[in-house]
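Report on the structure
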Amino acid sequence: MSDQPTLLGREDVLERCRAQLDTGAGVLLYGPAGIGKSAVVEALGAEAAAQGQLVLRSTPSAVEAGLPHLTLCDLFCGVLDVDPPTLPGHLRAALETALLRGAPLAGAATDQLAIRLGVLELLRGLALRGTVLLVLDDAHWIDPASAEVLAFAARRLGTLPVRMLVTERVEPGSEPLAIELLPPQMTEIPLDGLPETVLGELLRNRLDMPLTGDTLGRVRASSGGNPLYALELGRALRRRGEPVRPDEPLPVPDRLRPLLSARLAELPVQAMPALLLVAAAARPGRELLPTDDPGLAVGLATGVLGLSPGGELRFSHPLLGELVYADATPAQRQAAHTRLADLVPDPVERVRHRALATPGPDPALARALEAAAEVALARGAPGTAAELCRLAAEHTPEMSGEINGSFGYFGDAAGDASGGPDQVDGPFLVSHRLLAAARHAHAAGLPEQVRSACLAVTRGPDHTDRVGARLLLARLPGQDPAEVKTLLDAAEIDATGDPRLTGWVLLARAYQTFRETGVRVGPSGLDRIEQLARDAADEELEVEAIATRLAHQLHRDPKGSLEILDRGCALAHGQPLTEATIFMRQIQAVALVRSGDVTGALGTHERLRADTERAGRTLDLCDLLFTATGLYERAGRCAEAHATGQYGGRLRAELESDRLGELLQRGAAELNGGTAERAFELLDAAASAWARTDAVEWLAYALGLRGRAEWLLGRYEASARSQRRSRSLLHRQGYTDPAMFLVDADLAECLILTGATAEAAGLLGEARAEANRLGRDVVTLGLTRSRILLDGVTGDPRAAADALRAQLPAEHPYPLEVARALLTLAALERRARRRAAARAALQDAVERYTLAGCVPYLRYAEAELARLDAPEGPLTDLELRIAELVRAGATNREIAGVLHLSVKAVEANLTRLFRRLGVRNRAELISRAPTA
């Protein structure tokens, strides 16, 4: 029943503060500058004011810290202006004098005790009228005179309803000092950095800037989770207008420098080489510096440097490293990398540091970088391979005379650069190496690097590479369909006369058509593409073409697709992990789960996921995680579905410029292990985000899942609209397989509950016929329970309940289908007025949802049980008043403030009220709330 949090990533902190303040204890929030202390107290202060509390706030600054009694002026001047409590004359006079509202008597010293007692009596008088919240933000700047007075009062407030919320800037390793300002019963709450996913969402919301991939990762890492630092770095990047390369420092804005540079300015000049070495190293092990290095000793002694649990050197705040690297001269950076090239043990890191230490062309170094990229790729680090290939391109001389290798790229695999000369000059080699960098960056899910490298290749001399670059750009997430068409048109021109290149362009067009029309339009030109692939002995192109054919065939003829699948898998066997080979194995899992072999599907898919993770193919992993979420759900393993969906959502947030995939995956996760309310929010936002993409299939999923959330919330008409549109979009794309996305039975049930029985009957007939045609026995239980519900609503519910009970299997390939049928059975039993039978069905459903870990449906089933057991009798005056306030739109905290209850007491009363009225949520309570 808790209200939604107002701050990203601070839900737990807000709840802890509320709980402490509700009990009358004071709260001291502390942490470094910019960590978000003020945002938390701002939210809590706004909540308190909305509940009718008197909120008195002071936010002093460094330049005002020497002005006596300034904090008291901030807190109490407004109170004294508007109906203040009555104070004894001498106390009021002392207080007026301290607040400079009255002139002191000539020759009389200010009575400090009178000032203290005046503030104490003022607070007592205010507390008699209602709760008072004192907010002292940035308590480290409170003037000493005010601090003494407030500490005096805090020790003497006793049980009065005066709450204190205090923030203090405290750097890591230090302790808060503002404890004396609070009453004896107080709680200290340290504020840490925001989680990575929340920080990314904060940057998107506040800056409207889709930072992705490695840039977002660097901002998160460098900010240490500090929201102020992250936002300032994001603004600096937006002003820069282009991505930062991995070997470049982040632009540290002037606003952040005073918060950090003071720590570095105190260090001797001799310490800077050691600090720069740590800043330049990818993994700065302790062995990089001798124990007697003066810079190391100073860094450790001052706390600027420390040791990680793994024994690596690190800065006390990551942004210090960015600052050290940014402020070094190019010559100093090169010297640091030269030294690191001699010190680091890893050969890949050594050659990278050699490249960063070498300013000009060096053909031998470029070849070494290419070799190191292959090693990184074998280690499952395509992002590192991308950086090494880019560095190789930068160190390629204009005239190299090197022998051309296998640099062409049209899907994932490298092939001969057809038409290229044996002796390749510099511009051609630069183009080849940049395309290799783009290919590896694409696998790693680094769209900024893909785009940068590919745009450079499209301006290069090699038509083969230009085709590969444009096809890569066309596959980037979030591309506008018109831009994709332009890219493919240009690629077709460059491919003219080359059968192999033509095959890749035709395949890209077929893929784009598939994205736009689904399987409604048959695959065009795949026979020709496969023939071109065989003529060119390009197995990668042939596998891609078979995979595209499978994407269509699996929906139209599942049995016939098995032969194609076997052929594609045989061809892909032994090939490197690529988009096509991954898809081939993924579709095996999909075919298995739709036929009801959930165990086989999960085994196939989990092995594929492990291989993909080891290879570091992050972009492919996102798609696999979305599929895995659905597989775990159908297997009745909802906790794993929840965790997998959340993980996939986090990855998509880093990789994609549009938010549809991220929101869809997170919403699916919430439907398994979160709340229906949060699932609806995410899926509703996903449906709204669709306008910026061409992913019609994903829009259909978002709408269908949103419909499930709406059903859980008791919004049956809205649920029917969402699921009706979802099914319509899928059918328009040719996706009529009822086992693809389980929407038919749920939509039919919503239609029945909203009176659209004829439409429901027609839908169920269509779905049954398609299930029979495709051999999808696994979906018949869902269709049966909706058909029997229709009979029970339009005819005899008792006979319908008996019929459905007879159809329930002991086991089912999709365990949640049985639990869902039990909910329908309970509804029929209630219609038949057989409460005991309804209770038994619901208890069985509760047990099954508990076993599956399916939290939203478990809560629904528990609420249905509570409705069934709702006691009779009139509502109490308190229950009537709460119902009235809910109907007026009041939150739980607002109700607590009006009725002088704790939030927990309001939540407990609401739970009882829901049971007594037989409703599940606020929406139903509002529609059925009685009047006093």
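So, the overall build of the protein
From N to C terminus, the protein includes 44 helices and eleven strands. C-alpha atoms of the protein, sized along the principal axes, occupy 105 × 90 × 45 Å. Considering the protein as a whole, with its 932 residues, one finds that 56% of them fall into the buried category. A separation of at least 24 residues holds for 68% of the contacts in the protein among residues at least 6 apart in sequence.

As for helix α31 (residues 676-689)
Over its 14 residues, α31 extends 20 Å from the first C-alpha to the last, a length consistent with the 20 Å expected when each residue adds 1.5 Å. Along α31, the residues that are buried comprise A676, A679, F680, L682, L683, A686, A687 and A689. On its buried face, α31 sits against α30 (660-673), α32 (696-712) and α40 (855-868).

As for the confidence of the model for the protein
Taken as a whole, the protein shows an average pLDDT of 85; of its residues, 92% reach a score of 70 or greater. Across residues 403-423 the pLDDT falls below 50, and counting only partners more than four positions away or on other chains, this stretch makes 54 contacts in the model.

A few points about the nonpolar core
Membership of the largest hydrophobic core comes to 92 residues, with the highest contact counts inside it found for L664, Y701, L823 and Y849. Sort the elements by how many residues they give to this core and α32 lands first, with eleven residues. With residues up to four places along the chain from it excluded, the contact list for L823 reads W711, L842, A845, Y849, Y857, Y860 and A861. In this structure, L194, L216, A230 and L264 belong to the second largest nonpolar core, which totals 44 residues.

Remarks on the packing of aromatic side chains
As enumerated under the stated definition, the model contains six aromatic pairs in all. Considering the side-chain rings of F626 and Y701, the 5.9 Å spacing of their centres and the 35° angle between planes classify their relative orientation as tilted. Residue F626 is located in helix α28 (residues 618-634), and its partner Y701 is located in helix α32; the two are separated by 75 residues in the primary sequence. Here F626 and Y701 have matching classes, each one buried. Ring geometry for Y701 versus F741: centroids 5.2 Å apart, planes at 50°, classification tilted. On the criterion of sequence distance, the pair formed by Y701 in helix α32 and F741 in the loop between α33 (716-732) and α34 (744-753) is long-range, its members being 40 residues apart.

Brief notes about the packing of helix α1 (residues 11-22) against helix α2 (residues 37-50)
It is at 11 Å that the axes of α1 and α2 come closest, and there the two elements cross at 50°. In this view, α1 runs oblique relative to α2, as classed from their interaxial angle. As α1 runs across α2, the sense of the crossing is right-handed. Where α1 approaches α2, its residues V13, L14, C17 and R18 are matched on the opposing element by V40, A43, L44 and E47. In the contact of α1 with α2, the residues fall into six nonpolar, no polar and two charged.

Thoughts on the sheet that holds strand β4 (residues 162-169)
Note on sheets: strands pair through backbone hydrogen bonds, and any given pair is parallel or antiparallel. Ordered by their spatial adjacency, five strands build an open sheet running β2-β3-β4-β1-β5, and the pairing between neighbours is parallel. Of all the strands in the sheet, the pair left with one neighbour each is β2 (54-58) and β5 (186-190). Along the sheet, successive strands turn relative to each other by an average axial angle of 15°, direction set aside. As paired strands, strand β1 (residues 26-31) and β5 are joined by five bridges and run parallel to one another. Residue pairing across strands places L28 opposite E188, the latter belonging to β5. The strands that helix α3 (residues 70-81) touches are β2 and β3 (132-136); relative to β2, the one it contacts most, it runs at about 150°.

Let's talk about α3
Between the first and last C-alpha of α3 there are 16 Å, a value that for twelve residues agrees with the 16 Å anticipated at 1.5 Å per step. All of the buried residues along α3 are T71, L72, C73, L75, F76, C77, V79 and L80. Structurally, α3 contributes buried residues whose contacts are with β2, α4 (89-98), α5 (112-127), β3 and α6 (144-154). Just beyond α3, the residue with positive phi is D83, at close to 45°.

A word on the environment of R156
When you line up the elements, R156 lands in the loop between α6 and β4. Among the residues examined, R156 registers a relative accessible area of 36% and is labelled partly exposed. Remark: the alpha-carbon pair of R156 and E175, spanning 19 residues in sequence, is separated by 25 Å. Not counting residues within four places of it along the chain, the set of residues in contact with R156 comprises L120 and R124.

With respect to the pattern of salt bridges
By the definition in use, this model includes 60 salt bridges. With a shortest N-O distance of 2.6 Å, E42 and R57 are connected by a salt bridge. In this pair, E42 is assigned in helix α2 and R57 in strand β2, connecting sequence segments 15 residues apart. Classification of E42 by relative accessible area gives partly exposed; the value is 46%.

Definitions and limits used
- Residues numbered from 1 in each chain as written.
- Predicted model: local features only at pLDDT ≥ 70, side-chain atom pairs only at ≥ 80, totals over all residues.
- Heavy atoms only, no water.
- Helix = DSSP H or I, 4+ residues; strand = E, 2+ residues; numbered from the N terminus.
- Buried < 20%, exposed > 50% of the residue type's maximum accessible area, 1.4 Å probe, protein only.
- Contact = heavy atoms within 4.5 Å.
- Expected span 1.5 Å × (residues − 1).
- pLDDT = per-residue confidence, 0-100.
- Core = buried A, V, L, I, M, F, W, Y, C linked by side-chain atoms within 4.5 Å.
- Phe/Tyr/Trp six-rings, centres within 6.5 Å; stacked < 30°, edge-to-face > 60°.
- Axes fitted to C-alpha atoms, helices over the stretch in contact; angles between N-to-C directions.
- Parallel < 35°, antiparallel > 145°, perpendicular 65-115°, else oblique.
- Left-handed = near helix turned anticlockwise from the far one by under 90°.
- Nonpolar A, V, L, I, M, F, W, Y, C, P; charged D, E, K, R; others polar.
- Pairing = 2+ DSSP bridges.
- Salt bridge = Lys/Arg side-chain N within 4 Å of Asp/Glu carboxyl O.

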